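Okay, here's what each chain looks like letter by letter:
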Amino acid sequence: MDVLTHILLGILLGAIAGGDYWWWILFSIAPDIPQIFLYLLLGYRNKRKFLFPKAIDWDEFSNSKWSALFFLPHTVYAWALASLIFGPIASIAYGVHLLVDWPSHTGEWELRPFYPASQSLPGLFDGWKR
Ligand SMILES: [Zn+2]
């Protein structure tokens, strides 16, 4: 899912469970935060307006070392670490992020819960289809 959807889910979780909305939003987008650097790099390398890469720009990175910026934060290890360090809000929001990402990532961007192991969770549709 896209970042806006994750932000909206963080707001929804905050409304349902209570507590500080900013924590819910932060941990709802946390798995995607490491990608900001990659996002801007791709936009720069491909000379995109406002450094916003197009979907096709991601193709060259899906099997590179840079793909770890996507796969590592989307593992059960990262979720467990966030849960242990930051507690229940982080655990729920981070876990919901992974659950909603799972069906929308197919092919080379399928979630790999035990990355760098190659086993992946096949998604249901390509949320990033061009
Ligand atoms: Zn994500």
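See the structure printed just above.
Below or above, wherever it landed, is the structure these notes cover. (Residues numbered from 1 in each chain as written. Predicted model: local features only at pLDDT ≥ 70, side-chain atom pairs only at ≥ 80, totals over all residues.)

Counting its regular elements, the chain contains 6 helices and 0 strands. Secondary structure elements of the chain occur, N-terminal to C-terminal, as α-α-α-α-α-α. A compact globule built from 130 residues should have a C-alpha radius of gyration of about 14 Å, and the chain, at 15 Å, falls within 12% of that. By its C-alpha atoms, the chain is 40 × 35 × 25 Å across when sized along the principal axes. Within the chain, the proportion of its 130 residues that are buried is 21%. In the chain, of all internal contacts separated by at least 6 residues, the share reaching a separation of at least 24 is 45%. (Helix = DSSP H or I, 4+ residues; strand = E, 2+ residues; numbered from the N terminus. Rg over C-alpha atoms; globule rule 2.2 N^0.38 Å. Buried ≥ 20, exposed ≤ 12 C-beta atoms within 10 Å, placed from the backbone. Contact = placed C-beta atoms within 7 Å.)

Okay, the environment of Ser 91 next. Of note, Ser 91 is situated in helix α6 (residues 88-104). Judged by the 17 C-beta atoms lying within 10 Å of it, Ser 91 is partly exposed. Placed 12 residues apart in sequence, Ser 91 and Trp 79 show a C-alpha to C-alpha distance of 6.7 Å. For Ser 91, the residues in contact, after removing those within four places along its chain, are Ala 82 and Ser 83.

Attention now moves to helix α2 (residues 21-29). Since one α-helical turn is 3.6 residues long, residues separated by three or four positions face the same way. If you check which residues of α2 are buried, you get Trp 24, Phe 27, Ser 28 and Ile 29. Buried-residue contacts for α2 involve α1 (3-17), α5 (76-86) and α6.

Our next topic: the packing of α5 against α6. For the pair α5 and α6, interaxial distance at closest approach is 8 Å and the crossing angle is 160 degrees. By the criterion of interaxial angle, the relationship of α5 to α6 is roughly antiparallel. Where α5 crosses over α6, the handedness of that crossing is right-handed. Of the residues in α6, those touching α5 at Trp 79, Ala 82, Ser 83 and Phe 86 are Ala 90, Ser 91, Tyr 94, Gly 95 and Leu 98. Class assignment for the residues of the contact of α5 with α6 results in 6 nonpolar, 3 polar and no charged. (Axes fitted to C-alpha atoms, helices over the stretch in contact; angles between N-to-C directions. Parallel < 35°, antiparallel > 145°, perpendicular 65-115°, else oblique. Left-handed = near helix turned anticlockwise from the far one by under 90°. Nonpolar A, V, L, I, M, F, W, Y, C, P; charged D, E, K, R; others polar.)

A general tendency of soluble globular proteins is for nonpolar side chains to be buried together. One finds Leu 9, Leu 13, Trp 24, Phe 27, Ile 29, Ala 30, Trp 79, Ala 82, Ile 89, Ala 90, Ala 93 and Tyr 94 forming the largest nonpolar core, which totals 12 residues. Counting only elements with at least two residues in this core, the list comes to α1, α2, α5 and α6. Among the elements that make up this core, the one with the highest residue count is α6 (4 residues). When sequence neighbours within four positions are dropped, the list of residues in contact with Leu 9 reads Ser 28, Val 96 and Val 100. (Core = buried A, V, L, I, M, F, W, Y, C linked by C-beta atoms within 7 Å.)

In the contact formed by α2 and α6, the axes pass within 7 Å of each other and the chain directions differ by 40 degrees. For the element pair α2 / α6, the angle class is oblique. The two elements α2 and α6 meet at a crossing, and its hand is right-handed. In this structure, α2 uses Trp 23, Trp 24, Phe 27 and Ser 28 to contact α6, whose residues at the interface are Ile 89, Ala 90, Ala 93, Tyr 94, Val 96 and His 97.

Secondary-structure assignment places Asn 63 in the loop between α3 (35-45) and α4 (68-71). A count of 9 C-beta atoms within 10 Å places Asn 63 in the exposed class. Each C-alpha atom of the pair Asn 63 and Trp 109 lies 9.4 Å from the other, and the pair is 46 residues apart in sequence.

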